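Next come the chains, spelled out residue by residue.
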Amino acid sequence: MPETSISNGKVAEIHFTLTLDDGQIADSSAGQDPMLYLHGADNIVLGLEKELMGKAAGAELKVDVSAEEGFGVRKEEGVQDVPRSSFPGDIEFELGMDFGFESEDGSVMTGWVTAFTDETVTIDLNHPLAGEALHFDIKVLSVREATPEELEHGHPHGVGGHEH
Ligand code: ZN
């Protein structure tokens, strides 16, 4: 049987560790279930997806990703003060909480609470890792065809994937 390698429409199972320039580990699957992602569906950052293209089970690689191909560069206009009255009254705000917002073109954006007072809530639409260069250690465990349902949903199902 020919070895399956990663391409659009494949589901890959990977272990990863994400390190920042200062050596801090921002995220890792070590000690947990590996992560599943659907290639070509924006499940992972662009710079990492590009390097995983064509890799097969057993591949181990280090990938350096610029902020531009990672979680984006920081945009100062992404920080906005929103009147507290525009949120439902029963929300208990916490720093780092995230909210989904519908943008003018109808796409959903995520914003993170970076400050709040009784009157205003400061929302940062920049990803918390925006502006950071990303350094991934990756091990590819398996690669398989996505199911029709996974392709339709745009994400993999099962342990390590999307659980409905
Ligand atoms: Zn689904």
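Residues numbered from 1 in each chain as written. Predicted model: local features only at pLDDT ≥ 70, side-chain atom pairs only at ≥ 80, totals over all residues. Heavy atoms only, no water.

J.: How should I be thinking about the coordination of the zinc ion in this particular structure?
T.: Think of it this way: four donors in a tetrahedron around the metal ideally sit 109.5 degrees apart, and six in an octahedron ideally sit 90 or 180 degrees apart. Distances from the zinc ion to its protein donors, H153 (ND1), H155 (NE2), H157 (NE2) and H164 (NE2), fall at 1.9 to 2.1 Å. For the zinc ion, the 4 donor atoms in the first shell make angles of 99 to 120° at the metal, so the coordination geometry reads as tetrahedral. In primary-sequence terms, the residues that donate to the zinc ion follow H-x1-H-x1-H-x6-H. We note that H155, like H157, is buried. (Donors = N, O, S within 2.8 Å, 3.2 Å for Na, K, Ca; no water. Tetrahedral: all angles 85-135°; square planar, octahedral: opposite > 155°, others 65-115°. Buried < 20%, exposed > 50% of the residue type's maximum accessible area, 1.4 Å probe, protein only.)

J.: How should the domain arrangement of the chain be read in this particular structure?
T.: Interfaces are often sized by the accessible area lost when the parts come together. The domains assigned to the chain are domain 1 (10–71 + 130–153) and domain 2 (76–124). Taking the mean C-alpha position of each, domain 1 and domain 2 sit 28 Å from one another. (Domains from an automatic or database assignment.)

J.: Looking at this model, I keep getting lost on the sheet that holds strand β7 (residues 108–116). Mind explaining?
T.: Hydrogen bonds along the backbone pair up the strands of a sheet, which may run parallel or antiparallel. With respect to topology, 4 strands assemble into an open sheet ordered β5-β8-β7-β6, the strand pairing being antiparallel. Bordering the open sheet on either side are β5 (79–83) and β6 (98–102), each of which pairs with just one other strand. Across the sheet, the mean angle separating the axes of adjacent strands is 40° when strand polarity is ignored. Where β7 meets strand β8 (residues 120–124), 4 bridges bridge the pair, whose relative direction is antiparallel. Across the sheet, the residue bridging to V113 is I123, located in β8. (Pairing = 2+ DSSP bridges. Helix = DSSP H or I, 4+ residues; strand = E, 2+ residues; numbered from the N terminus. Axes fitted to C-alpha atoms, helices over the stretch in contact; angles between N-to-C directions.)

J.: Would you take a moment to explain the side chain of D124 for this structure?
T.: Structurally, the position occupied by D124 is in strand β8. At 2.8 Å, the side chain of D124 and the side chain of N126 are in polar contact. Leaving out residues up to four positions away in the same chain, D124 has contacts with R74, G78, V79, T110, G111, W112 and T114. (Polar contact = N/O pair within 3.5 Å; in protein donor to acceptor, adjacent residues only side chain to side chain. Contact = heavy atoms within 4.5 Å.)

J.: Just checking my understanding: could you explain the nonpolar core for this structure?
T.: With 21 residues, the main nonpolar core has L48, L52, F136, I138 and V140 as its most contacted residues. Going through the elements one at a time, β1 (10–20), α1 (46–52), β4 (60–65) and β9 (134–145) are the ones with two or more residues in this core. Among residues more than four places away in sequence, those in contact with I138 are I14, H15, F16, L48, L52, A59, E60 and L61. F87, F93, V113 and I123 belong to the second-largest nonpolar core, a separate cluster that totals 8 residues. (Core = buried A, V, L, I, M, F, W, Y, C linked by side-chain atoms within 4.5 Å.)

J.: What am I meant to see in unusual backbone geometry here?
T.: Outside of glycine, negative phi angles account for most residues, and trans bonds account for most peptide bonds. Even without a glycine there, the phi angle at D42 is positive, about 60°. Looking at the secondary structure, you find D42 in the loop between β3 (35–38) and α1.

J.: How should I be thinking about the layout of surface pockets in this particular structure?
T.: In this model, the largest pocket occupies a volume close to 290 Å³. Forming the walls of the largest pocket are 14 residues, and the residues nearest its centre are F16, D27, M35, I44 and F71. Listed by contribution, the elements that provide at least two residues to the lining of the largest pocket are β1, β2 (25–28) and β3. Ranked by the residues each element gives to the lining of the largest pocket, the list is headed by β3, at 3 residues. Class assignment of the residues belonging to the lining of the largest pocket gives a composition of 12 nonpolar, 1 polar and 1 charged. (1 Å grid on protein atoms, 1.4 Å probe; cavity = no way out; pocket = protein on both sides within 12 Å on 5 of 7 lines; lining within 4 Å. Points joined across faces, edges and corners; volume = space filled by probe spheres on them. Nonpolar A, V, L, I, M, F, W, Y, C, P; charged D, E, K, R; others polar.)

J.: Just to check I follow, could you spell out the pattern of salt bridges for this structure?
T.: Between side chains of opposite charge, a pair can form as their charged atoms come close. For the structure on display, the rule yields 6 salt bridges. K50 is paired through a salt bridge with E69; the nearest N and O atoms lie 2.6 Å apart. Of the two residues, K50 is situated in helix α1 and E69 in the loop between β4 and β5; the sequence distance between them amounts to 19 residues. We classify K50 as partly exposed; its relative accessible area is 49%. Where E60 meets K139, a salt bridge forms, and the shortest distance between an N and an O atom there is 3.9 Å. Pair noted here: E60 is in strand β4 and K139 is in strand β9, with a separation of 79 residues, a long-range link. (Salt bridge = Lys/Arg side-chain N within 4 Å of Asp/Glu carboxyl O.)

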